[in-house]
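Each chain is listed here by its residues.
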Amino acid sequence: MSSPPGRRARLASPGTSRPSSEAREELRRRLRDLIEGNRVMIFSKSYCPHSTRVKELFSSLGVVYNILELDQVDDGASVQEVLTEISNQKTVPNIFVNKVHVGGCDRTFQAHQNGLLQKLLQDDSAHDYDLIIIGGGSGGLSCAKEAANLGKKVMVLDFVVPSPQGTTWGLGGTCVNVGCIPKKLMHQAALLGHALQDARKYGWEYNQQVKHNWEAMTEAIQSHIGSLNWGYRVTLREKGVTYVNSFGEFVDLHKIKATNKKGQETFYTASKFVIATGERPRYLGIQGDKEYCITSDDLFSLPYCPGCTLVVGASYVGLECAGFLAGLGLDVTVMVRSVLLRGFDQEMAEKVGSYLEQHGVKFQRKFTPILVQQLEKGLPGKLKVVAKSTEGPETVEGIYNTVLLAIGRDSCTRKIGLEKIGVKINEKNGKIPVNDVEQTNVPHVYAIGDILDGKPELTPVAIQAGKLLARRLFGVSLEKCDYINIPTTVFTPLEYGCCGLSEEKAIEMYKKENLEVYHTLFWPLEWTVAGRDNNTCYAKIICNKFDNERVVGFHLLGPNAGEVTQGFAAAMKCGLTKQLLDDTIGIHPTCGEVFTTLEITKSSGLDITQKGC
């Protein structure tokens, strides 16, 4: 073979007179210039046989490539170190094709065998967009706006397939339209109802009958959501992001088909793609479920009061909905197949359930529906539910106005053409496995949000991951999303906030004998005059005894738990220990101060009930 069509790249030394951090940034910029300025860029070592194989492959394809031999440049070790940060690959050869990181020798030959390499070699300038994002939820919008800020040409495809009941919504995804936002507002409506009861104890006198108007509440909430939808559209327009209200589906490695609600198809191409399609509620697969049941997709814009309601499922969605519906004065039953709040600390979960039960929510444990039958039409109508025990042949029947399914969510990944471009999914749950930079097995395709396999399904996580991904994709940062110690809150009538590990998970990771659990019951001052339950609110921290009693789990059941947990989550990011909590002076009288005075351990067996404030 004649000499290969390879050109040696030059990498001028950034010099040693500057501070090392400045030199490092200059080196990173120069490496980026090589990656973005060459159709094929190979970082190699002249004596590496794997590098030689890759060069021969590109030569055989007649492709001109550029080489940087790391063993023949000044400070090659530093070059390789920075290159590792850029590509997340420590070895050579390290190959980029049209700005896309292909990988090493094995991945390059694999890409050649399955046709991916040939597709990547197509002229990048022929693409319509630098980045197309499928999904206009929190993560997708965050990624789109950040990429546009960096001067990239970006498109967002977003399309809401109507629920079986015909419910649809605008731009913004689950959180804004049928999740966090309307949920928190309905939670607030229920809290206000409870506050009205407390008000009399505080001296407020009122004689007129107080009742709740469902229609007025939903109209106000939907009006607010509508303003958010519009705001997102305006923001995308101002940033130069193309928004298309169409269903996106891959038809080729760099081509996507967009189908609008009229069935009209348009095709677009991009250099890179981000999948941010989220999830939708799951159905039971029994007679009458899709015909007569609703989900959280429908509840928040339901045009009539749901009346006597059966909530099927004890996930956080199920318990939150059961809580605010009961708080609005409705008759609510929760049907539980197994445990409450699967994946959360089970001691806390049972305390959440106990509080709900004390405040009117009925629980039907170890049952699952097998039939939903309509008895009467109406708004609401009347439904019969037949359920079977999970532990034997026993069946029960119940009559309800509304059946709300909250049994989990399915990833929206199976109908968007991933199989056509070779993106792998977890066949059991439809989620997409990615590496630590949210990259799928297809190098130019990334995924963020609830569809990631093994990652938290939380809106702020998707927002953070989307923003950082855009910065990495377009060369301004190497920062990765940190999925450790992410705080969250279950907005049941008595809120449950947590950060870090459940007690079960902590024991699994560290063993029980290596942990110390500090805990207490407490009575919020605001509850004393109102005569609310003493010794219901609960706080606990889980500490690793052999790591300076570092707090590895934080758990709070009490009013405003979300607000309190957010502050302590920042402390946990900084390595919070029990001693640091002890050294912190509390704000009196607040609920949060209880964490600065924790003394009793579970292992001591001492009584934690409170006698005063």
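Residues numbered from 1 in each chain as written. Predicted model: local features only at pLDDT ≥ 70, side-chain atom pairs only at ≥ 80, totals over all residues. Heavy atoms only, no water.

This part is about the overall build of the chain. Along the backbone of the chain there are 19 helices and 27 strands. Looking at the chain as a whole, 51% of its 613 residues qualify as buried. Considering only contacts in the chain between residues 6 or more positions apart, those separated by 24 or more positions represent 64%. Carbon and sulfur atoms form 50% of the exposed surface of the chain, whose accessible area is close to 28500 Å². Charge centroids of the chain, computed over 69 positive and 68 negative side chains, lie 5 Å from each other. (Helix = DSSP H or I, 4+ residues; strand = E, 2+ residues; numbered from the N terminus. Buried < 20%, exposed > 50% of the residue type's maximum accessible area, 1.4 Å probe, protein only. Contact = heavy atoms within 4.5 Å. Areas by Shrake-Rupley, 256 points an atom, 1.4 Å probe, with all protein chains shown as cover. Lys, Arg positive; Asp, Glu negative; His and termini not counted. Charge placed at Lys NZ, Arg CZ, Asp CG, Glu CD.)

What follows covers the packing of aromatic side chains. Under the definition given, this model contains 11 aromatic pairs. Each ring, one from Phe250 and one from Phe273, has its centre 4.9 Å from the other, and the planes form 70 degrees; the classification is edge-to-face. Separated by 23 residues along the polypeptide, Phe250 in strand β9 (residues 247-252) and Phe273 in strand β11 (residues 265-275) bring together distant segments of the chain. An identical accessibility class is assigned to Phe250 and Phe273; each is buried. Every member of this aromatic cluster is reached through a ring pair, and the members are Phe554, Phe568 and Phe595. A cation over an aromatic ring shows up here: Lys351 above the ring of Tyr538, its NZ or CZ 4.5 Å from the ring centre. Stacked on the ring of Tyr483, the Lys or Arg Lys455 has its end atom at 5.0 Å from the ring centre. (Phe/Tyr/Trp six-rings, centres within 6.5 Å; stacked < 30°, edge-to-face > 60°. Lys NZ or Arg CZ within 6 Å of the ring centre and 35° of its normal.)

Here we take up the UniProt feature "domain: Pyridine nucleotide-disulphide oxidoreductase dimerisation" (unreviewed entry) in the chain. Per the UniProt record, "domain: Pyridine nucleotide-disulphide oxidoreductase dimerisation" (unreviewed entry) is annotated on residues 486-597. Along residues 486-597, the helical share is 29% and the strand share 29%, with 24 Å between the first and last C-alpha atoms. (UniProt positions renumbered as here; feature names shortened; annotations may be inferred.)

With respect to the secondary-structure elements, Arg280 resides in strand β12 (residues 279-281). One polar contact links Arg280 to Asp297, side chain to side chain, over a distance of 2.8 Å. Excluding its chain neighbours within four sequence positions, the residues that come into contact with Arg280 are Val160, Val161, Pro162, Ser163, Trp169, Asp297, Arg409, Asp410 and Cys412. (Polar contact = N/O pair within 3.5 Å; in protein donor to acceptor, adjacent residues only side chain to side chain.)

Feature annotation in UniProt assigns "domain: FAD/NAD(P)-binding" (unreviewed entry) to the following positions: residues 129-466. Along residues 129-466 the backbone is 33% helical and 26% strand, and the end-to-end C-alpha distance reaches 18 Å.

Looking now at the environment of Cys293. The topology assignment puts Cys293 in the loop between α10 (289-292) and β13 (294-295). Residue classification places Cys293 among the buried residues on the basis of a relative accessible area of 0%. Remark: the alpha-carbon pair of Cys293 and Leu383, spanning 90 residues in sequence, is separated by 9.1 Å. Excluding anything up to four places from it in sequence, Cys293 contacts Gln165, Gly288, Val372, Val403 and Leu405.

Moving on, we get to the sheet that holds strand β23 (residues 488-490). Overall, antiparallel pairing links the five strands, which are arranged β23-β24-β27-β26-β25 in an open sheet. In this open sheet, the two strands that pair with only one neighbour each are β23 and β25 (515-522). Strand-to-strand twist of the sheet, defined as the mean angle between neighbouring strand axes without regard to direction, takes the value 15 degrees. For strand β26 (residues 537-544) and strand β27 (residues 550-557), the ladder comprises seven bridges, and the chain directions are antiparallel. (Pairing = 2+ DSSP bridges. Axes fitted to C-alpha atoms, helices over the stretch in contact; angles between N-to-C directions.)

Let's shift gears to the packing of helix α6 (residues 138-149) against helix α15 (residues 459-473). Their axes nearest at 7 Å, the elements α6 and α15 cross at an angle of 25 degrees. One element, α6, and the other, α15, form an angle in the roughly parallel class. Note that α6 runs across α15; the crossing there is right-handed. Across from Ser138, Gly139, Ser142, Cys143, Glu146 and Ala147 in α6, the residues of α15 making contact are Thr459, Ala462, Ile463, Gly466, Lys467, Leu469, Ala470 and Arg471. (Parallel < 35°, antiparallel > 145°, perpendicular 65-115°, else oblique. Left-handed = near helix turned anticlockwise from the far one by under 90°.)

Here the focus is a nonpolar patch on the surface. A grouping of Tyr202, Trp204 and Val529 is seen on the molecular surface, where their side chains present a nonpolar patch of about 360 Å² in accessible area. Assessed through its relative accessible area of 61%, Trp204 is described here as exposed. (Patch = residues over 30% accessible without salt bridge, like charges linked within 9 Å, V, L, I, M, F, W, Y side chains within 5 Å. Salt bridge = Lys/Arg side-chain N within 4 Å of Asp/Glu carboxyl O.)

Right, let's talk about the pairing of strand β14 (residues 309-312) for a bit. Judged by which residues are buried, β14 turns out to be covered on both faces: Thr309 and Val311 on one side and Leu310 and Val312 on the other are all buried. Direction of pairing for β14 relative to strand β15 (residues 332-336): parallel, over a ladder of four bridges. Bridged to Val312 within β15 is Met335. Crossover connection from β14 via helix α12 (residues 316-327) to parallel β15: handedness right-handed. (Right-handed = clockwise from strand over helix to strand, strands pointing away.)

Attention shifts here to α12. Counted at 1.5 Å a residue, the expected span for α12 with its 12 residues is 16 Å, and the 16 Å between its end C-alpha atoms agrees. With nine of 12 residues buried, α12 lies mostly within the body of the structure. A positive backbone phi angle near 100 degrees is found at Gly329, which sits one or two residues after α12. (Expected span 1.5 Å × (residues − 1).)

Right, let's talk about the sheet that holds β15 for a bit. The five strands are arranged β13-β20-β14-β15-β16 in an open sheet whose pairing can be described as parallel. Across the chains shown, the open sheet's two edge strands, defined by having one partner strand only, are β13 and β16 (362-365). Sheet strands in contact with α12 are β14, β15, β16 and β20 (402-405), and its direction is about 165 degrees off that of β15.

A few words on the side chain of Ser87. By the secondary structure assignment, Ser87 is in helix α3 (residues 76-87). For Ser87, a relative accessible area of 8% puts it in the buried group. Ser87 has contacts with Asn94, Phe96 and His101, leaving out every residue within four places of it along the chain.

So, about the pattern of salt bridges. In this structure the tally under the stated criterion is 33 salt bridges. One salt bridge in this structure joins Arg29 and Asp33, with 2.8 Å as the shortest N-O distance. Taken together, the residues span about one helical turn, with Arg29 and Asp33 both in helix α1 (residues 20-37) at a distance of four residues. Given the relative accessible area of 43%, Asp33 is considered partly exposed. Taking the shortest distance from any N to any O, the salt bridge between Glu249 and Lys257 comes out at 3.9 Å. For Glu249, a relative accessible area of 18% corresponds to the buried category. Through salt bridges with shared partners, one network takes in Arg24, Glu25, Arg28, Glu81 and Glu85.

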